[in-house]
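Each chain, letter by letter, is given below.
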Amino acid sequence: MTSQSTFKIEWITELLKEQEPERKDLIEQIDKIERREWLRQAYVRFVSGFRPNQPNSEWQFEENIELEHPTEGTIVLDILKDGRIGGIEFLKYIPHN
């Protein structure tokens, strides 16, 4: 993998420190994620999205945190009701019709 085709999780940590410094809870979570790099894509999921917001579903949505990256554009963190990061959305890579 070349660095041009991958995204490093440390970039999210840097953006949070700059743009949402009061969200130390999210910074700590990002630092604990084992997957440190991935191919650039529209969405990276950390929690199962099966039956979102339904009883007994792991995915119980609470809020979005939007971050702006100089080359990747708008990045959206999906935050769940228990405070976990459910996934990261990269708007730049969502196909537009």
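See the structure shown above.
A short tour of the structure in this document, coming up. In this convention, every chain numbers its residues from 1, walking through the sequence in written order. Side-chain atom pairs in this predicted model are given and counted only at pLDDT of 80 or more, local residue features only at pLDDT of at least 70, and totals for whole chains, interfaces and linings cover all residues. Hydrogens and water molecules were not included; the side-chain quantities draw on all heavy atoms of the structure.

Topic: helix H1 (residues 9-19)
In an α-helix, one turn spans 3.6 residues; hence positions three or four apart end up facing the same way. Rule in force here: Relative accessibility under 20% of the residue-type maximum defines a buried residue, over 50% an exposed one, and the middle range a partly exposed one, all with a 1.4 Å probe and only protein chains included. Numbering of helices and strands runs from the N terminus; a helix is a DSSP stretch of H or I covering at least four residues, while a strand is a stretch of E covering at least two. When we speak of the arc, we mean the arc of directions from the helix axis to the C-beta atoms. Residue contacts follow a heavy-atom distance rule, with two residues in contact if any of their heavy atoms lie within 4.5 Å.
Of all the residues in H1, the buried ones are Ile9, Ile12, Thr13, Leu15 and Leu16. The buried side chains of H1 occupy one side of the element, clustering within an arc of 165° when seen end-on. Across from the buried face of H1, at angles greater than 90 degrees, the exposed residues are Lys17 and Glu18. In the core, the buried residues of H1 are packed alongside strand E1 (6-8), helix H2 (24-32), strand E2 (37-39), strand E4 (61-69), strand E5 (73-80) and strand E6 (85-90).

Some words on the packing of aromatic side chains
Our working rule: Classification of ring pairs rests on two measures: the distance between centres of Phe, Tyr or Trp rings, Trp counted by its six-membered ring, which must be within 6.5 Å, and the angle between planes, read as stacked under 30 degrees, edge-to-face over 60 and tilted in between. The rule is short: NZ of Lys or CZ of Arg within 6 Å of the ring centre and within 35 degrees of the ring normal puts a charge over the ring.
Considering all chains together, one arrives at five aromatic pairs under this definition. On the numbers, 6.4 Å between centres and 75° between planes, the contact of Trp38 with Phe46 is edge-to-face. Using a relative accessible area of 2% as the deciding quantity, one classes Trp38 as buried. Three or more aromatic residues joined by ring pairs make a cluster, and in this case those are Phe7, Trp11, Trp38, Phe46 and Phe90. The residue whose ring lies beneath Arg45 is Trp59, and the NZ or CZ to ring-centre distance is 5.7 Å.

Section: H2
Among all positions in H2, only Leu26, Ile27 and Ile30 are buried. Buried residues of H2 fall within an arc of 100° about the axis and therefore sit on the same side. Facing away from the buried side of H2 by more than 90 degrees, the exposed set consists of Lys24 and Lys32. Buried residues belonging to H2 abut H1, E4, E5 and E6.

Focus on the side chain of Glu72
For the record, the criterion: Polar contact criterion, stated in full: a pair of N or O atoms within 3.5 Å, where within protein one must be able to donate a hydrogen and the other to accept it, and residues adjacent in sequence count only if both atoms are side-chain atoms.
Within the secondary structure layout, Glu72 lies in the loop between E4 and E5. Here the side chain of Glu72 touches Arg40 through a polar contact of 3.4 Å, side chain to side chain. Setting aside chain neighbours within four positions, we find Glu72 in contact with Phe7, Arg40, Lys92 and Tyr93.

Focus: the nonpolar core
Inclusion rule: We call a set of buried residues a nonpolar core when its members are Ala, Val, Leu, Ile, Met, Phe, Trp, Tyr or Cys and they connect through side-chain atoms within 4.5 Å of each other.
The biggest cluster of nonpolar side chains holds 19 residues, and the ones touching the most others in it are Ile12, Leu16, Ile30, Leu77 and Ile88. It is H1 that contributes the most residues to this core, four residues altogether. Apart from residues no more than four positions distant in its own chain, Leu77 is found in contact with Ile12, Leu16, Leu26, Glu63, Asn64, Ile65, Leu67, Gly87 and Ile88.

Side note on the packing of H1 against H2
Spelled out, the test is: In this description, a line fitted to the C-alpha atoms serves as the axis of each element, helices being fitted only across the stretch in contact, and the angle between N-to-C directions of two axes falls anywhere from 0 to 180 degrees. When an angle is under 35 degrees it counts as roughly parallel; over 145 it counts as roughly antiparallel; between 65 and 115 it counts as roughly perpendicular; any other value is oblique. Polarity classes work like this: nonpolar for Ala, Val, Leu, Ile, Met, Phe, Trp, Tyr, Cys and Pro, charged for Asp, Glu, Lys and Arg, and polar for all others, with Gly in that last group.
Look at H1 against H2: their axes get within 9 Å of each other, and the N-to-C directions meet at 170°. One element, H1, and the other, H2, form an angle in the roughly antiparallel class. Contacts between H1 and H2 involve Ile9, Ile12, Thr13, Leu16 and Lys17 on the former and, on the latter, Leu26, Ile27, Ile30 and Asp31. Partitioning the contact of H1 with H2 into residue classes produces six nonpolar, one polar and two charged.

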